[in-house]
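Chains, contacts and geometry: an overview
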Amino acid sequence: EVQLVETGGGLIQPGGSLRLSCAASGFPVSSNHMSWVRQAPGKGLEWVSLIYSGGGTYYADSVKGRFTISRDNSKNTLYLQMNSLRAEDTAVYYCASGGGEYFQHWGQGTLVTVSS
Amino acid sequence: DIQMTQSPSSLSASVGDRVTITCRASQGISSWLAWYQQKPEKAPKSLIYAASSLQSGVPSRFSGSGSGTDFTLTISSLQPEDFATYYCQQYNSFPLTFGGGTKVEIK
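Residues numbered from 1 in each chain as written. Chains lettered and ligands numbered in written order. Predicted model: local features only at pLDDT ≥ 70, side-chain atom pairs only at ≥ 80, totals over all residues. Heavy atoms only, no water.

Attention shifts here to the overall build of chain B. The helix and strand inventory of chain B stands at 0 helices and 11 strands. Secondary structure elements of chain B occur, N-terminal to C-terminal, as β-β-β-β-β-β-β-β-β-β-β. Here the C-alpha atoms of chain B give a radius of gyration of 13 Å, agreeing with the 13 Å that 2.2 N^0.38 yields for 107 residues. If one aligns the C-alpha atoms of chain B with their principal axes, the spans along those axes are about 35 × 25 × 25 Å. Expressed as a percentage of the 107 residues in chain B, the buried residues total 46%. Restricting the contact set of chain B to residue pairs at least 6 apart, pairs at least 24 apart contribute 56%. Surface summary for chain B: the accessible area is close to 4800 Å², and the carbon and sulfur share equals 45%. Positive and negative charge centroids in chain B, built from 8 and 7 side chains respectively, lie 4 Å apart. (Helix = DSSP H or I, 4+ residues; strand = E, 2+ residues; numbered from the N terminus. Rg over C-alpha atoms; globule rule 2.2 N^0.38 Å. Buried < 20%, exposed > 50% of the residue type's maximum accessible area, 1.4 Å probe, protein only. Contact = heavy atoms within 4.5 Å. Areas by Shrake-Rupley, 256 points an atom, 1.4 Å probe, with all protein chains shown as cover. Lys, Arg positive; Asp, Glu negative; His and termini not counted. Charge placed at Lys NZ, Arg CZ, Asp CG, Glu CD.)

What the rule picks out here adds up to 8 salt bridges over all chains. For Asp82 of chain B, the salt bridge goes to Arg61 of chain B, with nearest N and O atoms at 2.8 Å. Here the residue Asp82 of chain B occupies a position in the loop between strand 8 (70-75) and strand 9 (85-90), and Arg61 of chain B occupies one in the loop between strand 6 (53-54) and strand 7 (62-67), the gap between them amounting to 21 residues. Here the two residues Asp82 of chain B and Arg61 of chain B agree in accessibility, since each one is buried. In this structure, a network of salt bridges that share partners links the residues Arg38, Glu46, Arg66 and Asp89 of chain A. (Salt bridge = Lys/Arg side-chain N within 4 Å of Asp/Glu carboxyl O.)

With that out of the way, let us pick up the sheet that holds strand 3 (residues 19-25) of chain B. Residue and element names in this part refer to chain B. Strand order across the open sheet formed by 4 strands is 1-3-8-7, with antiparallel pairing between neighbours. Both outer strands of the open sheet, strand 1 (4-7) and strand 7, are each paired with one neighbouring strand and no more. On average, each strand axis in the sheet is inclined to that of its neighbour by 15°, with strand direction left out of account. (Pairing = 2+ DSSP bridges. Axes fitted to C-alpha atoms, helices over the stretch in contact; angles between N-to-C directions.)

Another aspect to go through is the interface of chain B and chain A. Facing the 16 residues of chain B at the interface are 18 residues of chain A. Counting the surface lost from both chain B and chain A, the interface buries some 1500 Å², and carbon and sulfur atoms represent 68% of this. For chain B, the biggest contributors to the area lost against chain A are Phe94, Leu96 and Phe98 of chain B; these three give 37% of the whole. Linking chain B to chain A there are 0 salt bridges. (Buried area = accessible area lost by both parts, 1.4 Å probe.)

This part is about the environment of Gly57 of chain B. On the secondary structure map, Gly57 of chain B appears in the loop between strand 6 and strand 7. As for Gly57 of chain B and Leu47 of chain B, which are separated by 10 residues in sequence, their C-alpha atoms are 8.8 Å apart.

A separate point is the nonpolar core. Among the nonpolar cores identified, the biggest contains 42 residues, and Trp36, Leu80, Met82, Tyr93, Phe103 and Trp106 of chain A together with Phe98 of chain B are the most heavily contacted of them. Once you skip the residues sitting within four places of it in the chain, Met82 of chain A turns out to touch Gly16, Ser17, Leu18, Leu20, Arg66, Phe67, Tyr93 and Val112 of chain A. The next biggest cluster of nonpolar side chains, apart from the first, holds 25 residues, and it includes Leu11, Leu33, Leu47 and Phe62 of chain B. (Core = buried A, V, L, I, M, F, W, Y, C linked by side-chain atoms within 4.5 Å.)

Turning to the state of the cysteines, a few remarks are in order. All names here are of chain A. Considering all chains together, one arrives at 2 disulfides over all chains under this definition. Across the disulfide from Cys22 sits Cys95; the S-S distance is 2.1 Å. Its S-S torsion of about -65° marks the bond between Cys22 and Cys95 as left-handed, since a negative value means left-handed. Of this pair, Cys22 sits in strand 3 (residues 18-25) while Cys95 is found in strand 9 (residues 91-98), placing the two residues 73 residues apart along the sequence. (Disulfide = S-S within 2.5 Å.)

Moving on, we come to the pairing of strand 11 (residues 110-114) of chain A. All names here are of chain A. Side chains of strand 11 alternate between two faces, with Thr110, Val112 and Val114 buried and Leu111 and Thr113 left unburied. Two elements, strand 2 (residues 10-12) and strand 11, share 3 bridges in a ladder whose sense is parallel. Within strand 11, the position partnered with Leu11 by the bridge is Thr113. Relative to strand 11, strand 9 is paired through 3 bridges, and the arrangement is antiparallel. For Ala91, the partnering residue across the bridge sits in strand 11 and is Val112.

Interpretation in functional terms is not warranted from these geometric data alone.
Following this line, the structure appears as C-alpha cells:
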C-alpha cells in the first residue's frame, strides 16, 4: 500500500527557512514523479514543484529561486527546502506522487505558517 | 500559463441527483486533465486522469469526458459521501494548474 507522510511544518518568521520531508512507503521514490502541492487557508490547490524519476525538476514561478525539491533514494524520502519564506507561503503542504504529472497518491499534509 | 476555469463555483443538490461540473482550459490540453475530490480538513483524492480514466477504487457513478479545452465531471447519482469540493487540474504543460474548485453542498 502506498503511503506518504509529511513532516517538518511549523511556525516560522518571514525570511526564515524550513525543510519539509515526505517519507514514502509502498513504492520507491526514485521510480516515480513526485510533487509538492500547497493549499492556503480557505483557498484552492496550488502546484509548487515536481521532480521526475530521472531527476529533472520544475517549479511554480511563485517559489522559483527560493524553494528546492530533492529526494534521498536511500531513505525513500522527498524533501522541499524552503528559503526566504513569505507570509503568502502560509499553507498546508501536500506531498503527492503519480505515474505522470497528475497526483494519484497524496499525503495528509503539513501546515507551514509564516508570521512574525 | 494555462488557466483552468471551473463552473459553477458551488452548487446545491440532493441525494440521487445527477451532477455535472465543467472545467475549461484557456488553451488546448488534449486529454491531459485530472479530477480530484477534497473533503474538509482532508487531503485531495484522485478520481479521474486522462480526462476519462477512472482511478482504481473510485465508484463508477463518477465519470469524466472531454478533450481540447472543455471537460466535464459527472456524478450520475449523488451519494451522501460525495458532498465535497472538486478540482480539475491540467498536466499538459508546466506550470501545472488547478481550477478554482466546485463545492457540492446538500440541498
